[in-house]
Amino acid sequence: VSCKDQDPNLKEILVDLGKAANETFLAYHPPHVSTFYSDSSGSANDLHTASPSKGQIAKFINLSPNPVKVYWTFRKEEVYIAVLDPFGSTSTATYVHHRFVLLNEGSQIHEWRIVPGQALYAYDPIETGALHPDDLKPDQIELYYLQKDNLKFAKQYKAA
């Protein structure tokens, strides 16, 4: 795509993943909703109102070499959401203050509470001290750091 054909809402951001050289990424910055309409009366500005829904997305990332199960807890009941494969992820719709737990072989190993404005939630057994990096095989180390880079990128993308 030539520069003249590039969407003007794509902005370059410099991404630092802790490697020798930083990378440049084109991030989409959505324009105000009124720019999508040809109505010159200004009524398009009224379209950008607060939604009555307080729902949001949550993406859960498993940085362990073991599959784990995600459950939503509701009134002391655990509702199954998904299996997170080793170094895998899943997403679900949720609300602020919802509580999710991770189970490994029936035992709770982690929990998250959904907070406003946060969509990514990672279980990292190395950071919690439940696992040592030397316990991972070379291919698992590669997957681990790939997900860590993904989390670093997400933080920088959101800040851009």
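Since the model is a prediction, treat every value here as computed from it, not as a measurement. (Residues numbered from 1 in each chain as written. Predicted model: local features only at pLDDT ≥ 70, side-chain atom pairs only at ≥ 80, totals over all residues. Heavy atoms only, no water.)

**Considerations on the overall build of the chain**
Argument step 1. Summing up its helical and strand segments, the chain has 2 helices and 9 strands in all.
Argument step 2. Starting at the N terminus and walking to the C terminus, you meet the elements of the chain as β-β-β-β-β-β-β-β-β-α-α.
Argument step 3. In the chain, buried positions account for 29% of the 160 residues.
Argument step 4. Nonlocal contacts in the chain, meaning residues at least 24 apart in sequence, comprise 50% of its contacts between residues at least 6 apart.
Argument step 5. Summed over its atoms, the accessible surface of the chain is roughly 10,800 Å², and 54% of this surface lies on carbon and sulfur atoms. (Helix = DSSP H or I, 4+ residues; strand = E, 2+ residues; numbered from the N terminus. Buried < 20%, exposed > 50% of the residue type's maximum accessible area, 1.4 Å probe, protein only. Contact = heavy atoms within 4.5 Å. Areas by Shrake-Rupley, 256 points an atom, 1.4 Å probe, with all protein chains shown as cover.)

**Side note on the pattern of salt bridges**
Argument step 1. Following the criterion strictly, the structure yields 4 salt bridges and no others.
Argument step 2. A salt bridge links arginine 99 to glutamate 111, with the shortest nitrogen-to-oxygen separation between them at 3.0 Å. Placement of the pair is arginine 99 in strand E7 (residues 99–104) and glutamate 111 in strand E8 (residues 107–113), with a sequence separation of 12 residues.
Argument step 3. Here lysine 148 ties to aspartate 124 by a salt bridge, and the two come within 3.0 Å at their closest N and O atoms. Of the two residues, lysine 148 sits in helix H2 (residues 138–159) while aspartate 124 sits in the loop between strand E9 (120–123) and helix H1 (125–128), which places them 24 residues apart along the sequence.
Argument step 4. We classify lysine 148 as buried; its relative accessible area is 18%.
Argument step 5. Owing to a relative accessible area of 4%, aspartate 124 belongs among the buried residues under this scheme.
Argument step 6. Each of Asp124, Glu127 and Lys148 takes part in salt bridges that share partners, so that together they form one network. (Salt bridge = Lys/Arg side-chain N within 4 Å of Asp/Glu carboxyl O.)

**Observations concerning unusual backbone geometry**
Argument step 1. The phi angle at phenylalanine 87 is positive, at roughly 60°, despite the residue not being glycine.
Argument step 2. Mapped onto the secondary structure, phenylalanine 87 falls in the loop between strand E5 (77–84) and strand E6 (89–95).
Argument step 3. Look at phenylalanine 87 and you get buried, because its relative accessible area is 8%.
Argument step 4. Phi is positive for histidine 97, close to 80°, though the residue is something other than glycine.
Argument step 5. Of note, histidine 97 is situated in the loop between E6 and E7.

**A look at the sheet that holds strand E4 (residues 68–74)**
Argument step 1. Reading across from one edge, E5-E4-E7-E8 is the order of the 4 strands in this open sheet, with antiparallel pairing throughout. Edge strands, defined here as strands with exactly one partner in the open sheet, are E5 and E8. Each adjacent strand pair in this sheet contributes to an overall mean axis angle of 30°, direction not counted.
Argument step 2. Relative to E5, E4 runs antiparallel, the two being bridged by 7 bridges. (Pairing = 2+ DSSP bridges. Axes fitted to C-alpha atoms, helices over the stretch in contact; angles between N-to-C directions.)

Bear in mind that shape data such as this cannot, by itself, settle questions of function.
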